[in-house]
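What follows is the residue order along each chain.
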Amino acid sequence: MAIGINQYDYLQPLNYAKRDALLMQEFLSNEAGFERIFFFSDDSPKLDGKSTCPTRTNLLRVLRQLFDKLFMGAGDNFWFFFSGHGIRYADRDYLMPCDGDPEDIENTAIAINFVSERLRRCGADNVVLILDACRNEGKKTGEGIGRQTAEEARQQGVISFFLVFPSSILMKLRLYNKVLLPLRY
């Protein structure tokens, strides 16, 4: 699953999140050999007749419906890539969908621990969570998302990576080649 959000209703727009998700989708399909990749972005095409605009409702629907029962097995890998805004609020890490409101985080954002818990339900041996969302826009607290998410993901058996350095997706894909590619086998 690749999610990239440039345009937000209540947050500053981003320049490269959609592009990074598109490149990740292409990479997972063409280089890593994944059979099916769910893609959500500002203007992504419908999936099975349903909108793939990365709103909270659409993302939660997929996380509930797709991961309601096991659909993968031993030897399989499931990857979740998110590029967009992330926020730490009340000691919890959240992903901000395109309609996420920083003044109502608990009701409009998606808790990353919920994402990890749902991903683990797919049945794959390896579940990889890759987040390029450590922005905490407008906050000077010194702590973005990551620490709490990494611990919870580890407890649930989800491999997590945080792409927090300012670089192009190509550098991130080089990291993938060195560190993550062996996980697909």
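Here the structure is a predicted model, which means the values were calculated and not measured.

1. Side note on the nonpolar core
What tends to happen in soluble globular proteins is that the nonpolar side chains get buried as a cluster.
Link 1 in the chain: Counting 35 residues, the largest nonpolar core has M1, F80, F82 and L119 as its most contacted members.
Link 2 in the chain: Looking at this core, the elements with two or more residues in it are α2 (56-66), β3 (77-83), β5 (92-95), β6 (110-111), α4 (112-120) and β7 (126-132).
Link 3 in the chain: Of all the elements, α2 adds the most residues to this core, at 4 residues.
Link 4 in the chain: One finds A21, M24, I37 and I130 within the second-largest nonpolar core, a separate group that totals 12 residues.

2. Regarding unusual backbone geometry
Link 1 in the chain: One non-glycine residue, D48, lies in the positive phi region at around 50°.
Link 2 in the chain: Within the element layout of this structure, D48 appears in the loop between β2 (39-41) and α2.
Link 3 in the chain: Here the phi dihedral of D91 falls at roughly 60°; this positive angle occurs in a residue that is not glycine.
Link 4 in the chain: Within the element layout of this structure, D91 appears in the loop between β4 (86-89) and β5.
Link 5 in the chain: Classification of D91 by relative accessible area gives exposed; the value is 62%.

3. Observations regarding the pairing of β7
Link 1 in the chain: Most of β7 is tucked away, with 6 of its 7 residues classed as buried.
Link 2 in the chain: The sheet contact formed by β3 and β7 spans 7 bridges and is parallel. Considered in β7, the bridge of S83 is made with D132.

4. Considerations on α2
Link 1 in the chain: Among all positions of α2, only N58, L59, L60, R61, V62 and L63 are buried.
Link 2 in the chain: Close packing links the buried residues of α2 with β1 (2-4), β2, β6 and α4.

5. Focus on the pattern of salt bridges
Link 1 in the chain: If you walk through the whole model with that rule in mind, you get 5 salt bridges.
Link 2 in the chain: Across the pair K18 and D43 runs a salt bridge whose closest N-O atoms are separated by 2.7 Å. Placement of the pair is K18 in helix α1 (residues 17-30) and D43 in the loop between β2 and α2, with a sequence separation of 25 residues.
Link 3 in the chain: Classification of K18 as partly exposed rests on a relative accessible area of 24%.

6. Thoughts on the sheet that holds β6
Link 1 in the chain: One open sheet accounts for 3 strands, arranged β4-β5-β6; its pairing is antiparallel. Among the strands making up the open sheet, the edge pair consists of β4 and β6.
Link 2 in the chain: Examined bridge by bridge, β4 and β5 share 4 bridges and lie antiparallel to one another. Each bridged residue has a counterpart across the sheet, and for R88 the counterpart in β5 is D93.

7. What to know about the confidence of the model for the chain
Link 1 in the chain: Averaged over every residue, the pLDDT of the chain is 81; residues scoring 70 or more account for 72%.
Link 2 in the chain: Confidence drops under pLDDT 50 across residues 138-143; counting only partners more than four residues distant or on other chains, this segment forms 3 contacts.
Link 3 in the chain: Scored below 50 in pLDDT, residues 178-185 makes 18 contacts in the model with residues more than four places away or belonging to other chains.

About the criteria used
- Residues numbered from 1 in each chain as written.
- Predicted model: local features only at pLDDT ≥ 70, side-chain atom pairs only at ≥ 80, totals over all residues.
- Heavy atoms only, no water.
- Core = buried A, V, L, I, M, F, W, Y, C linked by side-chain atoms within 4.5 Å.
- Buried < 20%, exposed > 50% of the residue type's maximum accessible area, 1.4 Å probe, protein only.
- Helix = DSSP H or I, 4+ residues; strand = E, 2+ residues; numbered from the N terminus.
- Pairing = 2+ DSSP bridges.
- Contact = heavy atoms within 4.5 Å.
- Salt bridge = Lys/Arg side-chain N within 4 Å of Asp/Glu carboxyl O.
- pLDDT = per-residue confidence, 0-100.

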